[in-house]
Amino acid sequence: MSVNGLHEADSLVDMEAVEDTVDSALAIRLMMPEREQIDATTRSLVRHLEDLLTLDLGFDEDPDVREMYRAAYALLDLKRRPTRESTQFGANEYMRELARHTKRLAAVYREERGNGEARP
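A short tour of the structure in this document, coming up. (Residues numbered from 1 in each chain as written. Predicted model: local features only at pLDDT ≥ 70, side-chain atom pairs only at ≥ 80, totals over all residues. Heavy atoms only, no water.)

### Considerations on the packing of helix α1 (residues 15-26) against helix α2 (residues 35-53)
Here comes step 1: Closest axis-to-axis distance for the α1/α2 pair is 10 Å, and the angle between their directions is 140 degrees. Here α2 runs oblique to α1, going by the angle between their axes. α2 is crossed by α1, and the crossing has left-handed handedness. Across from Ala-17, Val-18, Thr-21, Val-22, Ser-24 and Ala-25 in α1, the residues of α2 making contact are Gln-37, Thr-41, Ser-44, Leu-45 and His-48.
Here comes step 2: In terms of residue class, the contact of α1 with α2 is made up of five nonpolar, six polar and no charged. (Axes fitted to C-alpha atoms, helices over the stretch in contact; angles between N-to-C directions. Helix = DSSP H or I, 4+ residues; strand = E, 2+ residues; numbered from the N terminus. Parallel < 35°, antiparallel > 145°, perpendicular 65-115°, else oblique. Left-handed = near helix turned anticlockwise from the far one by under 90°. Contact = heavy atoms within 4.5 Å. Nonpolar A, V, L, I, M, F, W, Y, C, P; charged D, E, K, R; others polar.)

### Considering the packing of aromatic side chains
Here comes step 1: Counting across every chain of the model gives two aromatic pairs.
Here comes step 2: Pairing Phe-59 with Tyr-69 gives two aromatic rings, centres 5.2 Å apart and planes at 70 degrees, and the pair type is edge-to-face. Here Tyr-69 lies in helix α3 (residues 63-76) and Phe-59 lies in the loop between α2 and α3, a separation of 10 residues in the sequence.
Here comes step 3: A relative accessible area of 30% means that Phe-59 is categorised as partly exposed.
Here comes step 4: Given the relative accessible area of 5%, Tyr-69 is considered buried.
Here comes step 5: With a centroid separation of 6.5 Å and an interplanar angle of 45 degrees, the aromatic rings of Tyr-69 and Tyr-73 are classed as tilted. (Phe/Tyr/Trp six-rings, centres within 6.5 Å; stacked < 30°, edge-to-face > 60°. Buried < 20%, exposed > 50% of the residue type's maximum accessible area, 1.4 Å probe, protein only.)

### Considerations on the side chain of Arg-96
Here comes step 1: Mapping Arg-96 onto the fold places it in helix α4 (residues 88-113).
Here comes step 2: Buried charge without a salt bridge: Arg-96, with Glu-93 as the nearest opposite-charge side chain at an N-O distance of 4.5 Å.
Here comes step 3: If we skip the residues at most four places from it in the chain, Arg-96 touches Ala-25, Leu-26 and Ala-27. (Lys, Arg positive; Asp, Glu negative; His and termini not counted. Salt bridge = Lys/Arg side-chain N within 4 Å of Asp/Glu carboxyl O.)

### A few points about α2
Here comes step 1: Taking 1.5 Å of rise per residue, the 19 residues of α2 would be expected to cover 27 Å, and the 26 Å separating its terminal C-alpha atoms lies within 8% of that figure.
Here comes step 2: Looking at α2, one finds that the buried residues are Arg-35, Ile-38, Thr-41, Thr-42, Ser-44, Leu-45, Val-46, His-48, Leu-49, Leu-52 and Leu-53.
Here comes step 3: Along its buried surface, α2 packs onto α1, α3 and α4. (Expected span 1.5 Å × (residues − 1).)

### Some remarks on the nonpolar core
Here comes step 1: Membership of the largest hydrophobic core comes to 28 residues, with the highest contact counts inside it found for Leu-57, Leu-98 and Leu-105.
Here comes step 2: The dominant element in this core, judged by the number of residues it contributes, is α4, at nine residues.
Here comes step 3: Setting aside its immediate chain neighbours within four residues, Leu-105 contacts Leu-49, Leu-52, Leu-53, Leu-57, Met-68, Tyr-69 and Ala-72. (Core = buried A, V, L, I, M, F, W, Y, C linked by side-chain atoms within 4.5 Å.)

### Remarks on the pattern of salt bridges
Here comes step 1: What the rule picks out here adds up to four salt bridges.
Here comes step 2: Asp-39 is the salt-bridge partner of Arg-35, the closest N and O atoms lying 3.0 Å from each other. With Arg-35 and Asp-39 both in helix α2, this residue pair falls four residues apart, about one helical turn.
Here comes step 3: Accessibility expressed as a relative area gives 27% for Asp-39, which makes it partly exposed.
Here comes step 4: With its nearest N and O atoms 2.8 Å apart, the salt bridge here joins Arg-100 to Glu-97.

That's the geometry; what it means functionally is another story.
Next comes the structure, spelled out in structure tokens:
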């Protein structure tokens, strides 16, 4: 079934978990998080972003959403992801970029569902 163009499976996105992970990644800190925390947050953000990308958020109708999808898929490309050899700073910057993309698509998701704020 479909409600406002979204399918029942769309309700499986745990927006609270998405928002908590994004907030954690984008929090202002006096010190950079430990690499293990960066890697764990990155893995969570990748899952959240991939979940959002599976939804019909108006890709065909809205060029802005289409660009968000393109940018997110480019960011998720395995060649762009940090490796064990990447610096802690580089891994942290990648994590924060993932968080920004996830936050934008989450805003579109909330807007499409009719219970959210305007897009950033």
